[in-house]
Structures are given as C-alpha cells and as structure tokens.
Amino acid sequence: FNETSFNAQSSLEHHVERVFSLEEERMDSLVTTIFKEKPVRYKIVLWDLPGETIDVEGSGKFEAKFRVTLFWEPKNYDKVQRATRENYRMGNGRKIIWKLEDREKAIFRSEIEEDEEGQERTPQMTPVEIEEDVPPVSLIDAIHFTAESGPEVHAFFPPGAKRVLMRWTCMYHATLSLQTEDLDLHSFPYDDHTLKIRFQVQTGVFKVKPWAEATMRENMQQQNENKLGYTPYGHIETELDKFLYIIDEHMAVEFTKDNDKPRVEARIKIWRKFQYYED
C-alpha cells in the first residue's frame, strides 16, 4: 500500500463524502420546498364576548375570549408520523411531549415514565427528539392580552386519515381596539357594529406557506356530524343575547395578506338594544 494508493483512497473517500453531502443538501431543499407548498389551515372560535365591555363612544375597545388553532403537515414528516403512530400504538409507556422552545420552535421528545418507587420502567418506545417550526402568531389590535395556559403544540391523526398533522392552539383573553370604520350609527336606535379579531404571522417559514380554512377533518369530526350553523374554521360558542347587545350567530372569517404577511380576520356583527337609550 504505497503513497499513490493512499492518495487515491483519500480522494475517493472525499468524493463519496461530497456526493453524500450534496445529496443531503438536495433532499433538505426538496423537503423544504414541499413543506412550503403545504397549506396552513386556520380556525378561530369565540368563547365569550361580555356585552358590558363593548365601549363604542368612550374608550373604543371591547373584551373577548377566543381560541386560535392552526394545522399543518410537519416538516420532518416521516419522523413525526412514525413517532406519533408508535405513541398511538403503545398507549402507555413512554409519553410524547411537545415543548415550545420559543415562539417559532417546538421540540418533540419521548419521556421515560417512572413507577411508584421512582424507578424507570423498561423502555417500550424508541427514544426520539424532533425539532419542528411553529407559527409565531401575533394578535392585531390587542391593547393587552393573556394566553390561558399558554400555547400548546402536538401531533395527531385526524379520524380516518393516514397522514399526521401538527396542531398549534391557544386560548386568549384580550382587550381589543374598535376600528372607527366598523361603527355604524345610521340605524339609530338600533345601531350596529362590527367587532374584529385579527391575527397574523410576520416572520418565519409560515409567512410564505399557503393558507386555507380548516375542514371537518382537522376538527376530528366526520362530515355527517356537522350541525346547523357550524363552520369548521370559525364559529361562536357564547350566548348571543348579551347585556345591551345582540350578536349575529354567524361569524365571518377571511384570510388576507398585509405586506405579504398572512392575516386571518374574524368579524362579529352586533346590534345594540334600543333599551340602551332609555332612561
């Protein structure tokens, strides 16, 4: 084995290593492209709208409790699907936990359960750690807000589906500002107004992905379970007859783009009761 053979062997190893590196780069690029082409599906549910907090003439703000939920296929699709399917099959044993590292990243980990004496149980599931992008949601028009229990991220299989989905969800309690163009006093004393709940994604890969309405599939329901007045991408769950106001049962939810930033807007129509003007 002479120096020439050694150099030839080194050159061949370097070439093979370079080929594998280029193939990995190509596959990473392909995965990223496919990931960007898959839509984010959105859903918003209004859970409470205290009528006494709607201040049209004074502060120009209102309070609302609502849940925002987003669905998408994971970037590390095969890994997430395999880990989620294994977790479904095992039931107990190791639990798969998604933990938010920051507003744009979540880590998928299998955690070892302990018995009553604090000893680790025999591993029943392959240890796994996967990093996934999550959408950094920003509320528009929010004067202040709190996130009940914080955002949650997990993976699941919709009913009858073979493909796994990611789900990001958060319940907000927010004080939001009213837009003057949405206030209408022409029908006095039955003036009506439009309250808006808006959110958007300003940075990251979710800014360039297509967006679409959530379907019955993402909502873990079959099509024949749909009830009257229910839409899978946005609906109202609070009482419609509020203090001094009546709420329209239908909530309009639309997707738009603001300077190339994905934006979802929910519009709630309300009518003020004429009793408001009585002494």
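Residues numbered from 1 in each chain as written. Predicted model: local features only at pLDDT ≥ 70, side-chain atom pairs only at ≥ 80, totals over all residues. Heavy atoms only, no water.

Re the pairing of strand S10 (residues 192-201)
Within S10, 10 of the 10 residues are buried, leaving the element largely enclosed by the surrounding structure. Burial along S10 is two-sided: the residues Asp192, Thr194, Lys196, Arg198 and Gln200 and His193, Leu195, Ile197, Phe199 and Val201 are all buried. When strand S6 (residues 137-140) meets S10, the two strands line up antiparallel, connected through 4 bridges. What sits directly across from Ser138, in S10, is Gln200. (Buried < 20%, exposed > 50% of the residue type's maximum accessible area, 1.4 Å probe, protein only. Helix = DSSP H or I, 4+ residues; strand = E, 2+ residues; numbered from the N terminus. Pairing = 2+ DSSP bridges.)

Structural notes on the pattern of salt bridges
Counted by the stated rule, this structure contains 15 salt bridges. For Arg41, the salt bridge identified is with Glu218, shortest N-O distance 3.8 Å. With Arg41 in strand S1 (residues 40-48) and Glu218 in the loop between strand S11 (211-213) and strand S12 (234-236), this pair connects stretches of sequence that are 177 residues apart. On the basis of relative accessibility, which here comes to 24%, the residue Arg41 falls in the partly exposed class. (Salt bridge = Lys/Arg side-chain N within 4 Å of Asp/Glu carboxyl O.)

Here we look at the nonpolar core
Among the nonpolar cores identified, the biggest contains 55 residues, and Leu49, Phe66, Trp168 and Ile268 are the most heavily contacted of them. Ignoring sequence-local partners within four residues, the contact set of Ile268 consists of Leu46, Leu49, His193, Thr194, Leu195, Ile197, Ile236, Ile247 and Met251. (Core = buried A, V, L, I, M, F, W, Y, C linked by side-chain atoms within 4.5 Å. Contact = heavy atoms within 4.5 Å.)

With respect to the packing of aromatic side chains
Under the definition given, this model contains 7 aromatic pairs. Both rings, one in Phe145 and one in Tyr172, keep their centres 5.6 Å apart while their planes meet at 75 degrees; by these two values the pair is edge-to-face. Of the two residues, Phe145 sits in strand S7 (residues 142-156) while Tyr172 sits in strand S8 (residues 165-177), which places them 27 residues apart along the sequence. Here a set of aromatic residues connected by ring pairs shows up, and it is made of Tyr42, Trp211 and Phe255. Residue placement shows Arg163 over the ring face of Tyr77; its charged tip is 4.3 Å from the ring centre. Of note, Arg167 hangs over the ring of Phe156, and the distance from its end group to the ring centre comes to 4.1 Å. (Phe/Tyr/Trp six-rings, centres within 6.5 Å; stacked < 30°, edge-to-face > 60°. Lys NZ or Arg CZ within 6 Å of the ring centre and 35° of its normal.)

Quick word on the side chain of Glu132
Here Glu132 shows up in strand S5 (residues 129-133). We note that Glu132 is buried and unpaired, the nearest opposite charge coming from Lys75 at a distance of 7.8 Å. A distance of 2.9 Å separates a polar side-chain atom of Glu132 from the backbone nitrogen of Lys75. Within the structure, the side chain of Glu132 is placed 2.6 Å from the backbone nitrogen of Asn76, a separation counted as a polar contact. Among residues more than four places away in sequence, those in contact with Glu132 are Pro74, Lys75, Asn76, Val80, Trp98, Glu104, Lys105 and Ala106. (Lys, Arg positive; Asp, Glu negative; His and termini not counted. Polar contact = N/O pair within 3.5 Å; in protein donor to acceptor, adjacent residues only side chain to side chain.)

A closer look at the confidence of the model for the protein
When pLDDT is averaged along the protein, the result is 78; 69% of the residues meet or exceed 70. This stretch, residues 27-31, has a pLDDT under 50; its non-local contacts, to residues over four places away or in other chains, come to 1 contact. (pLDDT = per-residue confidence, 0-100.)

Details of the pairing of strand S16 (residues 261-272)
The sheet contact formed by S10 and S16 spans 9 bridges and is antiparallel. Paired with Gln200 across the strands is Arg263, a residue of S16. Pairing of strand S14 (residues 245-247) with S16, which is carried by 3 bridges, proceeds in the antiparallel orientation. When the sheet's bridge partners are listed, Ile246 is paired in S16 with Trp271. Relative to S16, strand S15 (residues 252-258) is paired through 7 bridges, and the arrangement is antiparallel. When the sheet's bridge partners are listed, Val253 is paired in S16 with Ala266. Counted between consecutive antiparallel strands, the loop separating S15 from S16 contains 2 residues, among which Asn259 sits at a positive phi close to 55 degrees.

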